[in-house]
Amino acid sequence: MTGYRTKAIDVRTDKEKAAACVAAFEANGQAPQIMTYDSDTKTEVHMNTDGKRVDVTAQNAEDNTAMGMGGKVGGRIPEACTDADPIPGSALPKDRRYKTQWNSQK
């Protein structure tokens, strides 16, 4: 056999993956403009805006889960990530990447 196929293995802990997702949408490390906290589930939700750009993150430190989403109001499909897939990408599944009235750039 002359060639090998390899696949990257993510060796980060669940906590590190969740933190990476949140950091993608809260890169400056400053306090969020809006924050809510659900004491029952211990989930924090942060929101920041910069002009028409809106970023929202949610994280639960107790179970190392997170979600992040950001995009421009009136813009294209936002980017999103979760602790299970911490690299931001299109919020639509790959099989739904087509132009419609609601996801086209104006």
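Residues numbered from 1 in each chain as written. Predicted model: local features only at pLDDT ≥ 70, side-chain atom pairs only at ≥ 80, totals over all residues. Heavy atoms only, no water.

Participant: Which parts of the structure should I look at to understand the overall build of the protein chain?
Facilitator: The number of helices and strands found in the protein chain is one helix and six strands. In the protein chain, the succession of helices and strands from N to C terminus is α-β-β-β-β-β-β. Within the protein chain, the proportion of its 106 residues that are buried is 22%. Look at the contacts in the protein chain between residues 6 or more apart in sequence, and 27% of them connect residues 24 or more apart. As presented, the protein chain carries roughly 8,100 Å² of accessible surface, and 53% of it is formed by carbon and sulfur atoms. (Helix = DSSP H or I, 4+ residues; strand = E, 2+ residues; numbered from the N terminus. Buried < 20%, exposed > 50% of the residue type's maximum accessible area, 1.4 Å probe, protein only. Contact = heavy atoms within 4.5 Å. Areas by Shrake-Rupley, 256 points an atom, 1.4 Å probe, with all protein chains shown as cover.)

Participant: Explain the pairing of strand S3 (residues 53–60) to me, please; I cannot follow it from the model alone.
Facilitator: The two faces of a sheet get side chains in turn, since along a regular strand they alternate between them. By the bridge criterion, seven bridges tie strand S2 (residues 43–50) to S3 in an arrangement that is antiparallel. Paired with Val45 across the bridge in S3 is Ala58. As consecutive antiparallel partners, S2 and S3 are separated by two residues, and within that stretch Gly51 has a phi angle of approximately 70 degrees, a positive value. As defined by bridge partners, S3 adjoins strand S4 (residues 65–72) across eight bridges and the pair is classed as antiparallel. The residue bridging Thr57 from the neighbouring strand is Gly68, located in S4. Between S3 and S4, which pair antiparallel and follow one another directly, the connecting turn spans four residues, one of which, Asn64, has a positive phi of 55 degrees. (Pairing = 2+ DSSP bridges.)

Participant: How should I be thinking about the pairing of S2 in this particular structure?
Facilitator: In the sheet, strand S1 (residues 34–38) pairs with S2 via five bridges, with the strands oriented antiparallel. Bridge assignment links Asp38 to a residue of S2, and that residue is Thr43. A loop of four residues connects S1 with S2, the two strands running antiparallel in sequence, and Lys42 in this loop sits at a positive phi of about 60 degrees.

Participant: Please explain the pattern of salt bridges as it appears in this structure.
Facilitator: Two side chains of opposite charge can pair, provided their charged atoms sit close to one another. Here the structure, examined in full by the defined rule, presents two salt bridges. Put simply, Arg12 and Asp10 hold a salt bridge, and the shortest N to O gap is 2.7 Å. By relative accessible area, Asp10 is classed as partly exposed at 36%. Arg53 is paired through a salt bridge with Asp55; the nearest N and O atoms lie 2.8 Å apart. Of the residues examined, Asp55 reaches a relative accessible area of 14% and is grouped as buried. (Salt bridge = Lys/Arg side-chain N within 4 Å of Asp/Glu carboxyl O.)

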